[in-house]
Amino acid sequence: MAKQALMVPGLFKQNNFDLIRLIAAFQVVIVHGIEDLKVDSLYPLTVYLSYFPGVPVFFFLSGLLISAAWERNSNLKSFLGNRIYRIVPGLWFCVFLTCISIVICSHIFNIELSYYWLSFWAVVQGTFFPQWNPQFLDWFGIGVANGSLWTIPVELAFYVFLPIVYLLSSRLGLGVNKIFIILLIISLIIFHILILFDPSSDLQILINKLTGFSPVPWFWMFCFGVLVQRYMNRVHLFIADRAHICLLLFLAVSLLGNSLDTPILFGASNDVGILNYVSLCLLVLSFGYTFPSLSDKLLNRNDISYGVYIYHMLVFNCLIVFEIVGIYSFLGGLLLTLILALVSWRCIERPFLRKRKSFLYGR
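On a predicted model such as this, the values are computed, not experimentally measured, just so you know.

### Looking at the overall build of the protein
A tally of regular secondary structure across the protein gives 15 helices and zero strands. Taking 363 residues into account, the globule formula puts the C-alpha radius of gyration at 21 Å, and the protein, at 21 Å, falls close to it. Of all 363 residues assigned to the protein, the portion counted as buried reaches 51%. Expressed as a percentage of contacts within the protein between residues at least 6 apart in sequence, the contacts between residues at least 24 apart total 79%. Per element, the accessible surface of the protein, about 18000 Å² overall, is 68% carbon and sulfur. If the 23 positive side-chain charges of the protein are averaged to one point and the 17 negative ones to another, these points end up 21 Å apart.

Written out as structure tokens, the structure reads:
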């Protein structure tokens, strides 16, 4: 199988994707904060922010960047090791802090807590099923310790599945692009079925929830990112330094989707029509390559988007437990989330990333 040649110099090195991920993370944080901390005065803001959903942006950028990483170096140990060292240390630290917070709050409010079940929940939360929200934690915040973590196993599944697709392409003699197009179509159909699905029984509701939190209905977003990466040299010619044009296109499509509500043009938040999603991805790409040094100048290579995303619900839940809500709680929660993300990046995530070569290769 011939690999895609990255003919544009620095295409995946000099861009604004770190900044875009941070903006996407804050979209999720702000929407959750306004809703969960009851900031009624800012609620109209969530309506507008829902048209720039953070989670679909994450899935698209994952497909774009992870497939490029695989095509640059298809060593499976290196590929999966890099992904694990980027995600797992921060995740486990977040789960650890969550458990400490739960224990402290249970003592303050005299709530009986089973340390056996808490330990079991922590293992599950930090591995493959963070969607499990047991009844013994119903008292903690909104009743879901960290609902945002459902995307972590979805992302990990994408990372595992990607090399399999490339391997199948080589073994079966099928083009990589064709396979990803087929998978995109299948996943998109399932995605639309789940959106239109109207459960009428507890079993159907459970099936809908389990499927909705699985990689299957979201895989089309990841596949689209992979396909864009495969044609990146051509796409780059049309989107570079054209963020203003792509923004106008995105706004036009969003307005049409809000008024027409057709099978391919509808909705906001994570449930978006394919035309809405394509326009969103074009906006992300164009901004990524418009003034592409902007991200480095603002962030100085401090990639705190992951920390902002995984810690914010821990902060908000602690505030809710103590019944600290409202606008000042929201602003304080944003600040605490940012501080936690910075500490996690400096003390946990970045040190692991710097040491991963010696861990993986014994150097």
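### Remarks on the nonpolar core
In terms of nonpolar packing, the biggest core is built from 100 residues, with Phe60, Leu64, Leu162, Phe180, Leu285 and Tyr289 touching the most fellow members. Apart from the residues lying within four places of it in its own chain, the contact partners of Phe180 are Leu162, Val165, Tyr166, Phe219, Cys223, Val226 and Leu227.

### Observations regarding the packing of helix α4 (residues 76-108) against helix α14 (residues 305-321)
Where α4 contacts α14, the two axes come as close as 10 Å, and the packing angle between them is 5 degrees. One finds that α4 runs roughly parallel with respect to α14. Counting all contacts with α4, which are made through Arg86, Ile87, Gly90, Leu91, Phe93, Cys94, Leu97, Thr98, Ser101 and Cys105, the residues of α14 involved are Tyr306, Ile310, Tyr311, Leu314, Cys318 and Val321. Residues belonging to the contact of α4 with α14 are distributed by class as follows: twelve nonpolar, three polar and one charged.

### A few points about the environment of Arg234
Secondary-structure assignment places Arg234 in helix α10 (residues 232-239). The exposure class of Arg234 is exposed, given its relative accessible area of 57%. Distance from Arg234 to Leu285, taken between C-alpha atoms, is 13 Å for residues 51 residues apart in sequence.

### Here we look at the packing of aromatic side chains
Tallied over the full model, the rule gives 26 aromatic pairs. Pairing Phe219 with Phe222 gives two aromatic rings, centres 5.8 Å apart and planes at 20 degrees, and the pair type is stacked. Of this pair, Phe219 and Phe222 both sit in helix α9 (residues 219-230), three residues apart, roughly one helical turn. With a relative accessible area of 8%, Phe219 lands in the buried category.

### So, helix α12 (residues 274-288)
Taking 1.5 Å of rise per residue, 15 residues should cover 21 Å, and α12 covers 21 Å from first to last C-alpha, within 8% of that figure. Those residues of α12 not exposed but buried are Asn276, Tyr277, Ser279, Leu280, Cys281, Leu283, Val284, Leu285, Ser286 and Gly288. Considering only its buried residues, α12 is in contact with α1 (17-36), α3 (54-72), α9, α10 and α11 (243-260).

### Considering the packing of α3 against helix α6 (residues 151-172)
Two elements in contact, α3 and α6, have axes separated by 11 Å at closest approach and are oriented at 35 degrees. Where α3 crosses over α6, the two elements pack in a sense that is right-handed. Residues Val55, Phe58, Phe59, Ser62, Ile66, Ser67, Trp70 and Glu71 of α3 form the contact with α6, whose participating residues are Thr151, Val154, Glu155, Phe158, Tyr159, Leu162, Pro163 and Tyr166. Grouping the amino acids of the contact of α3 with α6 by side-chain chemistry returns eleven nonpolar, three polar and two charged.

### Points about the pattern of salt bridges
Under the definition given, this model contains six salt bridges. The residue Arg86 makes a salt bridge to Asp303 at a minimum N-O spacing of 3.4 Å. In this pair, Arg86 sits in helix α4 while Asp303 sits in the loop between α13 (294-299) and α14, placing the two residues 217 residues apart along the sequence. Note on accessibility: Arg86 and Asp303 belong to one class, buried. Arg301 is the salt-bridge partner of Asp296, the closest N and O atoms lying 3.2 Å from each other.

### Section: the environment of Phe322
By the element assignment, Phe322 lies in the loop between α14 and α15 (327-361). Judged by relative accessible area, which is 37%, Phe322 ranks as partly exposed. Note: C-alpha distance between Phe322 and Phe140 (182 residues apart in sequence) is 9.7 Å. Beyond its immediate stretch of four places on either side in the chain, Phe322 contacts Cys105, Ile108 and Phe109.

Cut-offs applied
Residues numbered from 1 in each chain as written. Predicted model: local features only at pLDDT ≥ 70, side-chain atom pairs only at ≥ 80, totals over all residues. Heavy atoms only, no water. Helix = DSSP H or I, 4+ residues; strand = E, 2+ residues; numbered from the N terminus. Rg over C-alpha atoms; globule rule 2.2 N^0.38 Å. Buried < 20%, exposed > 50% of the residue type's maximum accessible area, 1.4 Å probe, protein only. Contact = heavy atoms within 4.5 Å. Areas by Shrake-Rupley, 256 points an atom, 1.4 Å probe, with all protein chains shown as cover. Lys, Arg positive; Asp, Glu negative; His and termini not counted. Charge placed at Lys NZ, Arg CZ, Asp CG, Glu CD. Core = buried A, V, L, I, M, F, W, Y, C linked by side-chain atoms within 4.5 Å. Axes fitted to C-alpha atoms, helices over the stretch in contact; angles between N-to-C directions. Parallel < 35°, antiparallel > 145°, perpendicular 65-115°, else oblique. Nonpolar A, V, L, I, M, F, W, Y, C, P; charged D, E, K, R; others polar. Phe/Tyr/Trp six-rings, centres within 6.5 Å; stacked < 30°, edge-to-face > 60°. Expected span 1.5 Å × (residues − 1). Left-handed = near helix turned anticlockwise from the far one by under 90°. Salt bridge = Lys/Arg side-chain N within 4 Å of Asp/Glu carboxyl O.

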